[in-house]
Amino acid sequence: MVMMMLKGNEATAYAAKVAKVQVIPAYPITPSTLFPEKVSELISNGEMKAEFIPVESEHSALSAAIGAAATGARTMTATASQGLALMHEVLFIASGMRLPIVMAIGNRALSAPVNIWAEQQDTIAQRDSGWLQFYAENNQEALDLSLIAFRVAEDKRVLLPAMMGMDAFVLTHTMEPVDVPDESLVEKYLGPPEQKYPTLNPSQPSTFGAFVFPEHYMEFRYSQFVAMEHSKKVIDEAFEEFKNIFGREYRKVSGFMNEDADILLISMGSMTGTAREAIRKLREKGEKVGLIKLSVFRPFPKEELVEITKNARIVAVVDRNISIGFAGAIFTELVASYNNIEKKPKILNFILGLGGRDIRVEDYIEIYNRAKEAENRGVKEIQWINVDEDAVYEVEGPL
Amino acid sequence: MNYENQEFFAPGHRACAGCAAPIIVKWVLKIAGPNTIIVNATGCLEVFSTPYPHSSWRLPWIHVAFENASAVASGIDAALKAQGKREGTNIIIFGGDGGTSDIGLQSLSGMAERGHDILYVMYDNEAYMNTGIQRSSSTPFGAWTTTSQVGPYNIIGKNEFKKPIAEIMAAHKIPYVATVNPAFLPDMKMKIEKALKIKGPKFIHAISSCTTGWRHDPSKTVEIMRLATETGIFPLWEIENGDFLKMKLTYVPKQRKPVEEYFKPQGRFRHLFQNPEKIKEIQKMVDEWWAKFENKN
């Protein structure tokens, strides 16, 4: 164990190092460029042994990752925003081919207009791609969840790729003390990097990526669905084993001052710390408010979320993403999780912090106040926080 | 080692009768032998050779998508290196002209620039045959396709020239680039063998007739491909390390045949015979290309 001052990107590069990742194809993009830079540095100074492929695009980064993982190498890459969008086609192929690639994402807004700051739209837009999705609150989590992602992805009951999101700049470029675990302990946790599933091997020739007709295609898709369902249990086991070896505890869904709360806020990613601060302040004033943090978005932990929110009167879901035409993604899926459950809290959606707009303690207090209003009267189901509505209505017409 | 008596590309695949692609593949594999990993770009070859649950490939084979075969192969190269298993294994990519000259050009260029030890074989049937004969940048001037149709407002079919992909690859200064024609088997075998002995990126451009898209009798495949070279339209050459001045013609027709002999049996060029001027234009271009060498000698 070594304590180091690391930026989020560096923490994930160290995750690659201690996990003995064998192949790292990567392409620079703000805010995840520090990942390939750090990897290149660690390899060049002899601290890390891996094949780094400085590819010519993100599309090729993930394609090379597929080639490497199909050859049985532990493989990792990193990207963000436009880069992840460019990978879109290949994301589905990686999961369809059941390759346990791990990818660190610097969660960033998508163009247009171009913006390089924090937002979770990039990964949320890929939620249907068949990848597991983890989200980090801080840089220690970024490292730990990257290791956990390998453990789950490589489990033979799962064999699906995983992405680990950390908010742009707030995490990717901010230094925090991070406990970098010993390689020997990580090897105990993950096993050796050589993969055991069928690979491109001349002594046992197999065909990968064949042309599949309607009579067989659905079974391949259903296999992925079943594997993702199985991953729920595997994630819990991986968290448990992680705690036993490294002493740090993770849950898909965790609560803070939530036990007796009438109103619950739901948060995912780096702004959870700010939310916690707001909850503390509100509690000091006697408000019965609590916080639920989401660390896993795919598979969506619906059972745990329902269990932990069912006794609240109001659940205020805070989304740093928006599906234009409906609502934020966590809200949508939480509402869907309550399908066929009779007793349910009132669920509201608050959109904030898009394109790196600062998320302040006051914003969470504002969200709480608006949610509290809903106890007595009807309020808008989806509300945008800290946005100049008048300026928009002037151009688009009022809503 | 010689694997000429072994078949690594099994019969029973679903290629059209008269398709030249399996001839190319079969011979590349015979020369490469069993210690080989194949990457296939999306295209006819991938579709007709792997109708699940069947496969014609007796070697490890992977298809990922259309534009990224070179990137996938780069990842395989890196993985084998990381595992200490790189020595002795061939990595060969097969891609059609669309998957190579158009949508796959970026990843191919990246692979060449990074210097991966990979052989890329482009089977060039001069259009998007898998989707139904649409023009690609590799479709020759004057050819009819379903997206370069012939009519009163477009009498010549494709108005643009064929992208010189092999020259583009040679300009990457990779160790070996060659053009091959399965109708000239000994020349083709020699070049594949040579390419596989060289470390680094290699590119082989193989002309590959498509009876469906070129619109010719399936029994005439080899004959027509032979005419491509005998007329001088598809010259056979090799360039090492990007040294264009030392480009070596590996076959010089004793007397080049007129280009219309190549056009005549192919339906895709039929309309040109209504405009003999265009045929003369093409003949002039071919003559000019060859004049550079003939003057030198």
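Residues numbered from 1 in each chain as written. Chains lettered and ligands numbered in written order. Predicted model: local features only at pLDDT ≥ 70, side-chain atom pairs only at ≥ 80, totals over all residues. Heavy atoms only, no water.

This part covers the interface of chain B and chain A. Each side of the interface is counted separately: chain B has 41 residues, and chain A has 38 residues. In total, chain B and chain A occlude about 2,900 Å² of area from one another, counting both sides; carbon and sulfur atoms represent 65% of this. Of all residues in chain B, Tyr 52, Gln 83 and Arg 114 of chain B bury the most surface against chain A, accounting for 20% of the area lost on that side. Inspection of the chain B/chain A interface yields 14 residue pairs in polar contact (both at pLDDT 80 or more). (Contact = heavy atoms within 4.5 Å. Buried area = accessible area lost by both parts, 1.4 Å probe. Polar contact = N/O pair within 3.5 Å; in protein donor to acceptor, adjacent residues only side chain to side chain.)

Further remarks concern the side chain of His 271 of chain B. Residues and elements named next belong to chain B. Along the polypeptide, His 271 turns up in the loop between helix H10 (260–263) and helix H11 (276–296). Assessed through its relative accessible area of 11%, His 271 is described here as buried. Apart from residues no more than four positions distant in its own chain, His 271 is found in contact with Gly 142, Ala 143, Trp 144, Val 150, Ile 155, Ile 156 and Gly 157. (Helix = DSSP H or I, 4+ residues; strand = E, 2+ residues; numbered from the N terminus. Buried < 20%, exposed > 50% of the residue type's maximum accessible area, 1.4 Å probe, protein only.)

Quick look at the domain arrangement of chain A now. All names here are of chain A. The assigned domain composition of chain A is domain 1 (2–246) and domain 2 (253–396). The gap between the C-alpha centroids of domain 1 and domain 2 is 28 Å. Each partner contributes residues to the interface: domain 1 has 27 residues there, and domain 2 has 26 residues. When the two sides are added together, the surface that domain 1 and domain 2 hide from each other amounts to roughly 2,100 Å², 52% of it contributed by carbon and sulfur. Three residues, Gln 120, Arg 127 and Glu 137, lead the burial of domain 1 against domain 2; their summed loss comes to 30% of the area buried on that side. Between the two partners, domain 1 and domain 2, sit 6 salt bridges. The partner of Glu 303 in a salt bridge is Lys 232, and the shortest N-O contact between them spans 3.5 Å. (Domains from an automatic or database assignment. Salt bridge = Lys/Arg side-chain N within 4 Å of Asp/Glu carboxyl O.)

Residue and element names in this part refer to chain A. Pairing is mixed across the open sheet formed by 5 strands, whose spatial order is S4-S5-S7-S6-S13. The open sheet terminates on both sides in strands that have one partner only, identified here as strand S4 (76–79) and strand S13 (296–298). Strand-to-strand twist across the sheet, computed as the mean angle between neighbouring axes with direction ignored, equals 20°. With 4 bridges joining them, S4 and strand S5 (residues 102–107) adopt parallel strand pairing. Its bridge partner being in S5, Met 76 is matched across the sheet by Val 102. (Pairing = 2+ DSSP bridges. Axes fitted to C-alpha atoms, helices over the stretch in contact; angles between N-to-C directions.)

Further remarks concern helix H8 (residues 183–190) of chain A. All names here are of chain A. Listed in full, the buried residues belonging to H8 are Val 186, Tyr 189 and Leu 190. Down the axis of H8, the buried set is contained in an arc of 80°. They therefore lie on one face. Residues Ser 184 and Lys 188 are exposed on H8 and point more than 90 degrees away from its buried face. On the buried face of H8, the contacting elements are helix H1 (8–18), helix H7 (139–154) and helix H9 (214–246). (Arc of directions from axis to C-beta.)

Scanning the entire structure with this criterion turns up 54 salt bridges over all chains. For the salt bridge of Arg 280 of chain A with Glu 277 of chain A, the shortest nitrogen-to-oxygen distance reads 3.0 Å. In this pair, Arg 280 of chain A and Glu 277 of chain A both sit in helix H10 (residues 272–284), 3 residues apart, roughly one turn of the helix. Of the residues examined, Arg 280 of chain A reaches a relative accessible area of 37% and is grouped as partly exposed. Taking the shortest distance from any N to any O, the salt bridge between Lys 202 of chain B and Asp 117 of chain B comes out at 2.8 Å. Of the two residues, Lys 202 of chain B is situated in strand S6 (residues 202–207) and Asp 117 of chain B in the loop between helix H5 (105–114) and strand S4 (119–124); the sequence distance between them amounts to 85 residues. Among the charged side chains, a salt-bridge network with shared partners connects Asp 77, Lys 81, Arg 86, Asp 117 and Lys 202 of chain B.

In terms of nonpolar packing, the biggest core is built from 90 residues, with Ile 66 and Ile 101 of chain A together with Ile 62, Val 64, Ile 76, Phe 203 and Tyr 262 of chain B touching the most fellow members. Sort the elements by how many residues they give to this core and helix H3 (residues 58–70) of chain A lands first, with 8 residues. Excluding its chain neighbours within four sequence positions, the residues that come into contact with Ile 101 of chain A are Leu 62, Ala 65, Ile 66, Ala 69, Thr 75, Ala 94, Trp 131, Pro 161 and Ala 162 of chain A. Among the nonpolar cores identified, the runner-up in size contains 53 residues, and Met 48, Ala 50, Tyr 189 and Ala 238 of chain A belong to it. (Core = buried A, V, L, I, M, F, W, Y, C linked by side-chain atoms within 4.5 Å.)

All names here are of chain A. Packing of H1 against H7 leaves a shortest axis separation of 8 Å and a crossing angle of 30°. The pairing of H1 with H7 is recorded here as roughly parallel in orientation. With respect to the hand of their crossing, H1 and H7 are arranged in right-handed fashion. In this structure, H1 contributes Gly 8, Ala 11, Thr 12, Tyr 14, Ala 15 and Val 18 to the contact, and H7 contributes Asn 139, Ala 142, Leu 143, Ser 146 and Leu 147. Class assignment for the residues of the contact of H1 with H7 results in 7 nonpolar, 4 polar and no charged. (Parallel < 35°, antiparallel > 145°, perpendicular 65-115°, else oblique. Left-handed = near helix turned anticlockwise from the far one by under 90°. Nonpolar A, V, L, I, M, F, W, Y, C, P; charged D, E, K, R; others polar.)

Time to look at the pairing of strand S11 (residues 263–268) of chain A. Each regular strand shows side chains that alternate between the opposite faces of the sheet. All names here are of chain A. Among the 6 residues that make up S11, 6 are buried, leaving the element largely enclosed by the rest of the structure. Residues Ile 263, Leu 265 and Ser 267 line one face of S11 and the alternating positions Leu 264, Ile 266 and Met 268 line the opposite face, and both faces are buried. The pairing of S11 with strand S12 (residues 289–294) spans 6 bridges and is classified as parallel. Directly across from Ile 266, in S12, lies its bridge partner Ile 292. In the classification by handedness, the crossover that spans S11, the intervening H10 and the parallel S12 is right-handed. Taken together, the 4 bridges between S11 and strand S14 (residues 314–319) define a ladder with parallel strand orientation. Paired with Leu 264 across the bridge in S14 is Val 315. (Right-handed = clockwise from strand over helix to strand, strands pointing away.)

Geometrically, a pair of aromatic rings is defined through the distance of the ring centres and the angle of the planes. Overall, the coordinates contain 24 aromatic pairs over all chains when judged by the stated rule. Between Phe 184 of chain B and Tyr 251 of chain B, the ring centres sit 4.7 Å apart and the planes meet at 50°, which makes this aromatic pair tilted. Placement of the pair is Phe 184 of chain B in the loop between strand S5 (176–180) and helix H7 (185–197) and Tyr 251 of chain B in strand S8 (residues 248–251), with a sequence separation of 67 residues. The exposure class assigned to Phe 184 of chain B is buried, which follows from its relative accessible area of 9%. Ring pairing ties together the aromatic residues Tyr 189, Phe 239, Phe 242, Phe 246 and Tyr 250 of chain A, which thus form one cluster. The aromatic ring of Trp 27 of chain B is capped on one face by Lys 30 of chain B, whose charged end is 5.6 Å from the ring centroid. A cation sits over an aromatic face here: Arg 226 of chain B above Phe 184 of chain B, 4.7 Å from the ring centre. (Phe/Tyr/Trp six-rings, centres within 6.5 Å; stacked < 30°, edge-to-face > 60°. Lys NZ or Arg CZ within 6 Å of the ring centre and 35° of its normal.)

The next thing to look at is the environment of Phe 203 of chain B. All names here are of chain B. Here Phe 203 lies in strand S6. Taking C-alpha positions, Phe 203 is 6.0 Å from Leu 119, a pair spaced 84 residues apart along the chain. Phe 203 has contacts with Thr 100, Leu 108, Tyr 120, Met 122, Ile 165, Ala 166, Met 169, Ile 174, Tyr 176, Val 177 and Ala 178, leaving out every residue within four places of it along the chain.

So, on to the sheet that holds S6 of chain B. Each strand in a sheet pairs with another by means of backbone hydrogen bonds, the pair being arranged parallel or else antiparallel. With mixed pairing, 9 strands are arranged side by side in an open sheet as S9(A)-S2(B)-S1(B)-S3(B)-S4(B)-S6(B)-S5(B)-S7(B)-S8(B). In this open sheet, the two strands that pair with only one neighbour each are strand S9 (207–208) of chain A together with S8 of chain B. Here 5 bridges tie strand S3 (residues 90–96) of chain B to S4 of chain B, and the two strands are oriented parallel to one another. Across the sheet, residue Ile 92 of chain B finds its bridge partner in S4 of chain B, namely Leu 119 of chain B. The sheet strands contacting helix H1 (residues 21–32) of chain B are strand S1 (36–40), S3, S4 and S6 of chain B, and the helix crosses S3 of chain B at an angle near 175°.

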